[in-house]
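Here is what each chain is made of, one letter per residue.
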Amino acid sequence: MKTPNYHDFYQVALVPIGMNDLKVLKESDSCSGRNYTHWLIAVEGVQLPDPKIYFHWRVTIYPADCEGDFNWQRPYFVSTASESMDIAIKLASNLVSSSKNDSLIFSTKLEKIS
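Residues numbered from 1 in each chain as written. Predicted model: local features only at pLDDT ≥ 70, side-chain atom pairs only at ≥ 80, totals over all residues. Heavy atoms only, no water.

Within the secondary structure layout, His56 lies in strand S3 (residues 55–64). Among residues more than four places away in sequence, those in contact with His56 are Glu44, Gly45, Val46, Leu48, Ala81, Ser82 and Glu83. (Helix = DSSP H or I, 4+ residues; strand = E, 2+ residues; numbered from the N terminus. Contact = heavy atoms within 4.5 Å.)

Our next topic: helix H1 (residues 19–26). Regarding H1, the residues found buried are Asp21, Leu22 and Leu25. Projected onto a plane normal to the axis of H1, the buried residues spread over an arc of 100 degrees and lie on a single side. Pointing more than 90 degrees away from the buried face of H1 are the exposed residues Met19, Asn20 and Lys23. (Buried < 20%, exposed > 50% of the residue type's maximum accessible area, 1.4 Å probe, protein only. Arc of directions from axis to C-beta.)

So, about the sheet that holds strand S4 (residues 77–78). Judged by pairing direction, the sheet is antiparallel, and its four strands sit side by side in the order S1-S2-S3-S4 without closing on themselves. Sheet topology places strand S1 (9–16) and S4 at the edges, where each strand pairs with a single neighbour. Sheet topology places strand S2 (residues 38–47) next to S3; ten bridges connect them, and they run antiparallel. Note on S3: the bridge partner recorded for Val43 is Val59. Helix H2 (residues 85–100) rests against S1, S2, S3 and S4 of the sheet, and its axis sits at about 170 degrees to S2. (Pairing = 2+ DSSP bridges. Axes fitted to C-alpha atoms, helices over the stretch in contact; angles between N-to-C directions.)

Relative to the assigned elements, Asp21 resides in helix H1. In terms of polar contacts, Asp21 uses its side chain to reach the backbone amide nitrogen of Ile105, at 3.2 Å. Once residues lying within four places of it in the same chain are set aside, the contact partners of Asp21 are Trp39, Asp102, Ser103, Leu104 and Ile105. (Polar contact = N/O pair within 3.5 Å; in protein donor to acceptor, adjacent residues only side chain to side chain.)

The following block contains the structure:
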């Protein structure tokens with residue numbers, strides 16, 4: 001498995017996981033038996049296979065502990081890549097708001113559908 005590009009990995013928020021989201025998270029493969037308490041929401045650059053260095057941007061959400069430790073191999077959510085970093089930042093901000101309202105699980109399902 002290819003290691004993520006942490007050179008272009010920008011943590012947007014570390015938000016406590018609400019009770020509704022935690023219940024669904026514990027049933028998912030992303031939890032893997034660990035005691036996660038927070039969502040780590042980040043914007044990540046995806047380098048395109050091009051001679052010039054060129055990136056698309058996606059939002060990645062990881063379950064994390066209160067110190068921000070997470071397993072990069074088990075993201076909860078990965079958005080589709082966008083050509084615009086601004087679009088990825090806006091999506092990340094919307095997902096931060098959803099996580100604060102304990103509805104991140106619902107919001108990411110909507111994002112996957114659209």
